[in-house]
There are 6 protein chains.
Amino acid sequence: MDDRYKIALETVAKINEAGSKRIEDAVGAIAPDFHRLIMSFAYGDINSRPALDLKSREIATIAALTAMANARPQLEAHIVGGLSVGLTREEIVEIIMQMAVYAGVPASLNGMMAARAAFATVDGTAKKKPAQD
Amino acid sequence: MDDRYKIALETVAKINEAGSKRIEDAVGAIAPDFHRLIMSFAYGDINSRPALDLKSREIATIAALTAMANARPQLEAHIVGGLSVGLTREEIVEIIMQMAVYAGVPASLNGMMAARAAFATVDGTAKKKPAQD
Amino acid sequence: MDDRYKIALETVAKINEAGSKRIEDAVGAIAPDFHRLIMSFAYGDINSRPALDLKSREIATIAALTAMANARPQLEAHIVGGLSVGLTREEIVEIIMQMAVYAGVPASLNGMMAARAAFATVDGTAKKKPAQD
Amino acid sequence: MDDRYKIALETVAKINEAGSKRIEDAVGAIAPDFHRLIMSFAYGDINSRPALDLKSREIATIAALTAMANARPQLEAHIVGGLSVGLTREEIVEIIMQMAVYAGVPASLNGMMAARAAFATVDGTAKKKPAQD
Amino acid sequence: MDDRYKIALETVAKINEAGSKRIEDAVGAIAPDFHRLIMSFAYGDINSRPALDLKSREIATIAALTAMANARPQLEAHIVGGLSVGLTREEIVEIIMQMAVYAGVPASLNGMMAARAAFATVDGTAKKKPAQD
Amino acid sequence: MDDRYKIALETVAKINEAGSKRIEDAVGAIAPDFHRLIMSFAYGDINSRPALDLKSREIATIAALTAMANARPQLEAHIVGGLSVGLTREEIVEIIMQMAVYAGVPASLNGMMAARAAFATVDGTAKKKPAQD
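On a predicted model such as this, the values are computed, not experimentally measured, just so you know.

*Asks:* What's the story with the overall build of chain A in this structure? I'm lost.
*Replies:* Scanning chain A for helices and strands turns up seven helices and zero strands. The helix and strand sequence of chain A, counted from the amino end, reads α-α-α-α-α-α-α. In terms of overall dimensions, chain A has C-alpha extents of about 45 × 35 × 25 Å along its principal axes. Burial status across chain A gives 60% buried among its 133 residues.

Encoded structure:
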């Protein structure tokens, strides 16, 4: 295991290790290198850089995924990740609410639905979902 | 002037008052109510809520506009705004770099170009642009 | 209840009151202010302005949500809303078909699927869905 | 010239013939069939269908292009087209304003800038632009 | 049946005839002309042009739909289509992986999930889905 | 210089070395690590993988950037890159034309404008542009 992947896994462990594991399981059979490549880039190269703390990084990621409005599984995973690095539920809701200004009301509203689902996952009250997808 | 618009203008004054004035001038002739309506919503209703500090809010907005990749004038304005509320140039660059993971390398690269332009505006070294557009 | 929210609820009542109520129920627990804020903006400030009739406004909204292709629940809700303000099913289908030109065939085709589902909701033949999401 | 292309050109003549001619000139050298193919589809197959009047169609197109926020030349062309089929400047501004709700404030604001430019084109007060692009 | 529609159906027969039939069934009741219009354009006018082979065309379509990240049913259909015209599973996975660079990791990851589902459809191991939608 | 960056620069040299150099110059002052990080990922990790030839990869990238319709400088750069790895101008035009089906006519039309500009760059007949942006 090279250094970037090792740093990536250490960084992911602080954010959402279960989510990373689900990705590995989901794509391993069809794209065996993919998990290592994207994790090494996303968490080994970028999110582990000391120039910005993980809490600020999760604010940025939750905002971007809410605004892009086309990556629901990843938005849910990063809402869980935001809680892991110290954001409160109220702060996460506030970030998603703010996106109504920049990406429109539907994007913000659908982000709220993702937050509701992610909070239920954390509370252990979520309806069971098929692996990753 | 109602309370929401008043709070909006006070909030904008902390972020990017010149940008708000440019919008007012640019759209006033064709849409006289527009500046008041959108400022009252964006800054009177949302960005002035105490649940999240302005620094975190600008992280979210810079991330979202970089990722959406279709609102260059607003991205430049919020990079200037991020500096006003205490983000460093290095932190802004880091947020934009992070978007390479979530929105792709071109969105991140074009965000860097917006940062370069916004920094030049702040430094007084920018090439002159036509009003707002 | 302030005037903007009151006007909002009166305007929503002409379009899709049940949809507004579903949103209120769905996000109330995690974002108690959200329904009032977005409804006051969307329907109190904007959609209630006399400069454009509600039928034209629903044409615009159905077109935009079909073209953006990332807000299926809201598209279904506004297809129901379009019927409420006097658009025919044939006109709604025609708007969605037109989006094949501007947003591509997949966006138009997925819009047709939303129309089929919304029509089934109106006919009482829809499969039951979990609240809002 | 086949029937679809003939109907297309007749339909375009009611909306924005100069814009269609600019496209033909701009892409003719590199893609000689393109103008005929896209015009026959957009205006021969779709926009000429009697199920929706041209005014309603331009409402839909202006809304969609404002919301998509990535097709400025086409948005300007359809704002000119909207005026040709009987929309007033106030109605066009209202459609674009409404998009702040569904696609966010930056998309709406940049749509206003397109309207300002299109109105100046119609008034003969626009700054000269290079052909199409 | 006119020539364009005939060519369209012949071209579709080489790519994903079952998918085309599913669309026809799904939208026939609400939009009876839609299948003929979009197939004639997509496959009669464009995808049947000899200037590019079908294998290259499916590379382009799979890449675009992965990057747009808002047309999952169509992406699955074109992954099946890519296999029909001679792309290997490894090549399709590689195209989708490449989109991580241009559209971001979430778009690429969700594309992988579409590939997993499409491969399962081809293998006859897919979970049953409701028609088209 | 590590191996990934070395492979990246060798791969870029086959596609569009001048474009890579322009990026390095444009962002070097504000984001000194960015060029190495994104090139190592885009060309060291992904585009250099032997599972797909560079010609197929440029088909995918030109299609995706045309369809995303928000990355004009990168689209122009990859049109130049497509020519470098053996695509003809006719094939590139055909890929962009095909995107009218999947991403709509405006995206395809604006892609054609990018092709016209990129071909002019290659022919040495382009109007001079400011560095990168």
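*Asks:* How should helix α2 (residues 17-27) of chain F be read in this particular structure?
*Replies:* Given 3.6 residues to a turn, an α-helix orients residues that are three or four positions apart in the same direction. Of the residues making up α2(F), those classed as buried are F:S20, F:I23, F:A26 and F:V27. For α2(F), the angular spread of the buried residues around the axis is 125°, confining them to a single face. More than 90 degrees from the buried face of α2(F), the exposed residues found are F:A18 and F:D25. On its buried face, α2(F) is in contact with α7 (105-123) of chain B together with α1 (3-15) and α3 (34-46) of chain F.

*Asks:* Whenever I open this one, the relation of the copies chain A and chain B confuses me. Can you help?
*Replies:* Once turned by 180° and shifted 0.0 Å along the axis, chain A lies on chain B with an RMSD of 0.0 Å. On this basis, the relationship between the two copies can be described by a two-fold rotation axis. Taking the C-alpha atom as reference, chain A places A:A64 closest to the rotation axis, 2.1 Å from it. A high fraction, 100%, of the interface residues of chain A reappear at the interface in chain B, so the copies pair face to face through one surface.

*Asks:* Which parts of the structure should I look at to understand the relation of the copies chain C and chain A?
*Replies:* The operation relating the two chain copies consists of a rotation about an axis and a shift along that axis. Of the two same-sequence chains, chain C is brought onto chain A (RMSD 0.0 Å, axial shift 0.0 Å) by a rotation of 120°. The relationship between the two copies is best expressed as a three-fold rotation axis. Among all residues of chain C, the one whose C-alpha sits closest to the rotation axis is C:N70, at a distance of 3.5 Å. In this assembly the copies use different faces: only 7% of the residues contributing to the interface of chain C also contribute to that of chain A.

*Asks:* Would you take a moment to explain the interface of chain A and chain B for this structure?
*Replies:* Many structure descriptions define interface size as the accessible area lost when the parts assemble. In this assembly, 28 residues from chain A lie in contact with 28 residues from chain B. Within the residue set of the side of chain A that touches chain B, elements represented by two or more residues are α3 (34-46), α4 (54-68) and α6 (89-103) of chain A. Sort the elements by how many residues they give to the side of chain A that touches chain B and α6(A) lands first, with eleven residues. Looking at the side of chain A that touches chain B residue by residue, the classes come out as 19 nonpolar, four polar and five charged.

*Asks:* Can you walk me through helix α5 (residues 72-84) of chain B in this structure?
*Replies:* Taking 1.5 Å as the rise per residue, α5(B) with 13 residues should run 18 Å; its terminal C-alpha atoms sit 19 Å apart, in good agreement. The buried fraction of α5(B) amounts to ten of the 13 residues, a majority that puts the element mostly inside the structure. Among the residues of α5(B), B:P73, B:Q74, B:L75, B:E76, B:A77, B:H78, B:I79, B:V80, B:G81 and B:G82 are the ones counted as buried. Against α1 (3-15), α2 (17-27), α4 (54-68), α6 (89-103) and α7 of chain B together with α7 (105-123) of chain D lie the buried residues of α5(B). Positive backbone phi, approximately 110°, marks B:G86, located one or two places after α5(B).

*Asks:* What exactly am I supposed to notice about the domain arrangement of chain A here?
*Replies:* Residues and elements named next belong to chain A. For chain A, the domain assignment lists domain 1 (1-51) and domain 2 (53-125). Residue-level contacts link five residues of domain 1 with seven residues of domain 2. Partitioned by chemical class, the residues of the side of domain 1 that touches domain 2 number one nonpolar, three polar and one charged.

*Asks:* Mind showing me how you'd approach the interface of chain C and chain A here?
*Replies:* Chain C puts 14 residues into the contact, and the matching count from chain A is 16 residues. Secondary-structure elements contributing two or more residues to the side of chain C that touches chain A are α2 (17-28) and α3 (34-46) of chain C. Here the side of chain C that touches chain A is built from residues that sort into ten nonpolar, three polar and one charged.

*Asks:* Teacher, can you tell me more about the packing of α3(A) against α3(F) here?
*Replies:* Packed helices, taken two at a time, are described by the angle between their axes plus the distance between the axes. Two elements in contact, α3(A) and α3(F), have axes separated by 11 Å at closest approach and are oriented at 175°. As far as their axial angle goes, α3(F) and α3(A) are roughly antiparallel. Contact residues: A:L37, A:F41 and A:D45 in α3(A); F:L37, F:F41 and F:D45 in α3(F). Here the residues of the contact of α3(A) with α3(F) sort into four nonpolar, no polar and two charged.

*Asks:* What should I look at first to understand the packing of helix α4 (residues 54-68) of chain D against helix α5 (residues 72-84) of chain D in this one?
*Replies:* Residue and element names in this part refer to chain D. Across the interface, α4 lies against α5 with an axial gap of 9 Å and an inter-helix angle of 155°. It follows from the interaxial angle that α4 and α5 lie roughly antiparallel. The way α4 lies across α5 gives a crossing that is left-handed. Contacts between α4 and α5 involve E58, T61, I62, L65 and T66 on the former and, on the latter, Q74, L75, H78, I79, G81 and G82.

*Asks:* Help me out: how do you make sense of unusual backbone geometry in this one?
*Replies:* Note on backbone geometry: most residues besides glycine have negative phi, and most peptide bonds are trans. At A:A69, a residue that is not glycine, the phi angle is positive and equals roughly 60°. If you trace the backbone, A:A69 turns up in the loop between α4 and α5 (72-84).

*Asks:* Explanation requested: the environment of A:K127 in the structure shown.
*Replies:* Here A:K127 shows up in the segment after α7 (105-123). Sequence separation between A:K127 and A:E17 is 110 residues, and the spatial gap between their C-alpha atoms is 20 Å.

*Asks:* What is the right way to look at the environment of E:I62 in this model?
*Replies:* All names here are of chain E. Structurally, the position occupied by I62 is in helix α4 (residues 54-68). Since 28 C-beta atoms lie within 10 Å of it, I62 is described here as buried. C-alpha of I62 to C-alpha of Q98: the two residues are 36 residues apart in sequence and 11 Å apart in space.

*Asks:* What is the right way to read the confidence of the model for chain A from this model?
*Replies:* Reading predicted coordinates in detail is not appropriate for stretches of low pLDDT. Residue-level pLDDT values for chain A average 95, and 95% of them are 70 or greater. In the predicted assembly, ipTM is 0.94 and pTM is 0.96.

*Asks:* Explain the environment of D:S84 to me, please; I cannot follow it from the model alone.
*Replies:* Residue and element names in this part refer to chain D. Its place among the elements puts S84 in helix α5. The exposure class assigned to S84 is partly exposed, which follows from the 18 C-beta atoms found within 10 Å. Between the C-alpha atoms of S84 and R72, which are twelve residues apart in sequence, the distance is 19 Å.

Calculation criteria
For every chain, the first residue of its written sequence is number 1, and the numbers climb from 1 along that sequence. Here every chain gets a letter starting at A, and every ligand a number starting at 1, in the order they are written. For a predicted model such as this one, the threshold for reporting local features is a pLDDT of at least 70, and the threshold for listing and counting side-chain atom pairs is 80 or more; totals across whole chains, interfaces and linings nevertheless cover every residue. Comment: elements are numbered from the N terminus, with helices defined as DSSP H or I runs of at least four residues and strands as E runs of at least two. Buried means a residue has 20 or more other C-beta atoms within 10 Å of its own C-beta, exposed means 12 or fewer, and partly exposed covers the counts in between; C-beta atoms are placed from the backbone. Here the arc refers to the directions that run from the helix axis out to each C-beta atom. In this description, a residue-residue contact is defined by the distance between C-beta atoms placed from the backbone, which must lie within 7 Å. Residues below a pLDDT of 70 in either copy are left out; the C-alpha atoms of the rest, at least 70 in both, set the least-squares superposition of the copies. Note on residue categories: nonpolar means Ala, Val, Leu, Ile, Met, Phe, Trp, Tyr, Cys or Pro, charged means Asp, Glu, Lys or Arg, and polar means any other residue, Gly included. Every helix has an expected span of 1.5 Å times one less than the residues it contains. Segment limits for the domains were obtained from an automatic or database-derived domain assignment. Angles here are taken between N-to-C directions and fall from 0 to 180 degrees, while the axes themselves are lines fitted to C-alpha atoms, restricted in helices to the stretch in contact. Each angle gets one of four labels, with under 35 degrees taken as roughly parallel, over 145 as roughly antiparallel, 65 to 115 as roughly perpendicular, and the rest as oblique. By definition, any crossing whose near helix is turned counterclockwise from its far helix by less than a right angle is left-handed, and any crossing with a clockwise turn is right-handed. Note: pLDDT gives the predictor's confidence per residue, expressed from 0 to 100.

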